[in-house]
Amino acid sequence: AQKVTQAQTEISVVEKEDVTLDCVYETRDTTYYLFWYKQPPSGELVFLIRRNSFDEQNEISGRYSWNFQKSTSSFNFTITASQVVDSAVYFCARRQGGSEKLVFGKGMKLTVNP
Amino acid sequence: GAGVSQTPSNKVTEKGKYVELRCDPISGHTALYWYRQSLGQGPEFLIYFQGTGAADDSGLPNDRFFAVRPEGSVSTLKIQRTERGDSAVYLCASRAGGAGDTQYFGPGTRLTVL
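Parameters and conventions
- Residues numbered from 1 in each chain as written.
- Chains lettered and ligands numbered in written order.
- Predicted model: local features only at pLDDT ≥ 70, side-chain atom pairs only at ≥ 80, totals over all residues.
- Heavy atoms only, no water.
- Disulfide = S-S within 2.5 Å.
- Helix = DSSP H or I, 4+ residues; strand = E, 2+ residues; numbered from the N terminus.
- Buried < 20%, exposed > 50% of the residue type's maximum accessible area, 1.4 Å probe, protein only.
- Core = buried A, V, L, I, M, F, W, Y, C linked by side-chain atoms within 4.5 Å.
- Contact = heavy atoms within 4.5 Å.
- Buried area = accessible area lost by both parts, 1.4 Å probe.
- Salt bridge = Lys/Arg side-chain N within 4 Å of Asp/Glu carboxyl O.
- Polar contact = N/O pair within 3.5 Å; in protein donor to acceptor, adjacent residues only side chain to side chain.
- Nonpolar A, V, L, I, M, F, W, Y, C, P; charged D, E, K, R; others polar.

Thoughts on the state of the cysteines
Residue and element names in this part refer to chain B. Evaluation of the coordinates by the stated rule reveals two disulfides over all chains. In this model, C23 is linked to C92 through a disulfide, with the two sulfur atoms separated by 1.8 Å. Disulfide C23-C92: torsion about the S-S bond near -70°, hence left-handed. Separated by 69 residues along the polypeptide, C23 in strand β3 (residues 19-24) and C92 in strand β9 (residues 88-95) bring together distant segments of the chain. One exposure class covers both C23 and C92, and it is buried.

Structure below.
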């Protein structure tokens, strides 16, 4: 199976620190899509970003930024100046072209302390 | 607009019983997905519907699991002869048309089999 690996299982930071969440994926496909979802304590998965394999441009959205590097099969997520409300489990996921399945990593629990 | 809704939010049943879990997708979304999330893990794909038909049911663990979407909107996941190992959060997602479009998730149903 082509895995998605989130090597960090849990990170704890103090408010206003920057934090980077790592994601490494396996794929033999040329066309695929990468995603990040946030799962707060309420349980609902909240979509954050989608990237297709042909678009390596990094993206910034407010305090969030994503670094997609095909050469290292990585799609890392950085939260700048973290806030308590960022506390959640974050999942990286991949969908290969021609398939509808999302393959998720195991998630990374982020705790931001005041 | 309204997001994906799932009922019930919690379901406790006894081993061997039959359960039904319901998903109402976002209005107008043609694709619907079921995933299962065990404690401390990422969601795992179960089944995908395009319209009324199950286009990919390769993630269903065995023949005790079945899902329907008779009118192309609401879907029901049915589990027969429940086992303790079926305890998990069952997540539903829907997607508008078009390749690469994002799957939007509901809050999930937490199933506990005693």
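Alright, that's what it looks like, and here's the rest.
Some words on the side chain of S53 of chain A
Assignment of secondary structure puts S53 of chain A in the loop between β6 (46-52) and β7 (59-61). Classification of S53 of chain A as buried rests on a relative accessible area of 1%.

A word on the nonpolar core
In terms of nonpolar packing, the biggest core is built from 23 residues, with W36, F77, Y90 and L110 of chain A touching the most fellow members. Elements supplying a minimum of two residues to this core: β2 (10-14), β3 (19-21), β5 (32-39), β8 (64-69), β9 (74-79), β10 (88-96) and β12 (108-113) of chain A. Leave out the neighbours within four places in its chain, and Y90 of chain A touches Q6, L21, W36, Y37, K38, L48, Y64, F77, I79, G107, M108 and L110 of chain A. Core analysis: the second largest hydrophobic core is formed by 20 residues, L46, F65, L77 and L111 of chain B among them.

Here we look at the interface of chain B and chain A
In this assembly, 22 residues from chain B lie in contact with 17 residues from chain A. When chain B packs against chain A, close to 1600 Å² is buried across both sides, 51% of that on carbon and sulfur atoms. Across the contact surface, chain B and chain A share one salt bridge. Counting the contacts that link chain B with chain A gives eight residue pairs in polar contact (both at pLDDT 80 or more). Residue assignment for the side of chain B that touches chain A shows that the elements contributing at least two residues are β4 (31-37), β5 (44-50), β9 and β10 (104-105) of chain B. In terms of residue count, β4 of chain B provides more of the side of chain B that touches chain A than any other element does, three residues in total. Looking at the side of chain B that touches chain A residue by residue, the classes come out as 10 nonpolar, nine polar and three charged.

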